[in-house]
Structure formats: structure tokens, C-alpha cells
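Fold and geometry: a report
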Amino acid sequence: MNMLFKALSHPARRQIIEMLRSGPKSSGDIAGSFDMAWPTITGHLTSLREAGLVESEREGSSVIYRLNISAVEEAISFLMDLMRTGEAPVPALKEAAR
């Protein structure tokens, strides 16, 4: 889980995740959306893949990346549990009797 949140900590990686929400993209299409060197984009894609947020497969000379929905769902579930989403609010503690 730590790798997942570390991967999401960088804005470029979050933007890549957003791009992949609409469907699979080649590494070239992803890199073309950024004003960064190719090795930097490759590093971001590697971080996302190692965290399980994206999957990749080679198609000819291209590498195609797609969002790994189950990893994203796991992160959302963790955050919802952490924030106790869906549970009744915890009542405020009463001040000690004066």
C-alpha cells in the first residue's frame, strides 16, 4: 500500500492515471502530453507499474499502458475505511463536569 500512495504522490503520475481513465495509451502518447525528457516519463510509468496502478504490454514496437482498476479500487477502499465513510459520525465528547 505504501508504494501505491508514494506513486500517487507525484502530480505527473496522477495526470498519467487521469489520462488512462479514458482507455489504454502508448508510452509515446503519454510522453507526448508532457514537457519532460523521455527517461523521466519512463521513470514515472515504472513507478506506477511497480505500485500496481498500471499494467503494460508490448504491441510491436510500442508499449501500451492501461489502468489497473483493482489497485485503484483498493486504494479508494483504504481511504474510505480510513475516513470511516458511510459510518455514523462519532459523537462529540461531553466536557467534564464543572
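What you see is a predicted model, and the numbers here were worked out from it, not measured in a lab. (Residues numbered from 1 in each chain as written. Predicted model: local features only at pLDDT ≥ 70, side-chain atom pairs only at ≥ 80, totals over all residues. Heavy atoms only, no water.)

Another point: the overall build of the chain. For the chain, the helix and strand inventory stands at five helices and three strands. Ordered by position from N to C terminus, the α and β elements of the chain give α-α-β-α-α-β-β-α. A separation threshold of at least 6 residues defines the contact pool for the chain, and within that pool the share at least 24 residues apart is 48%. Total accessible area on the chain is roughly 7000 Å²; 54% of this is exposed by carbon and sulfur atoms. (Helix = DSSP H or I, 4+ residues; strand = E, 2+ residues; numbered from the N terminus. Contact = heavy atoms within 4.5 Å. Areas by Shrake-Rupley, 256 points an atom, 1.4 Å probe, with all protein chains shown as cover.)

Let us now look at the environment of glycine 52. Tracing the chain through its elements places glycine 52 in the loop between helix H4 (38-50) and strand S2 (54-59). Remark: the alpha-carbon pair of glycine 52 and methionine 3, spanning 49 residues in sequence, is separated by 8.6 Å. Those residues in contact with glycine 52 that lie beyond four places of it in its chain are Asn68 and Ala71.

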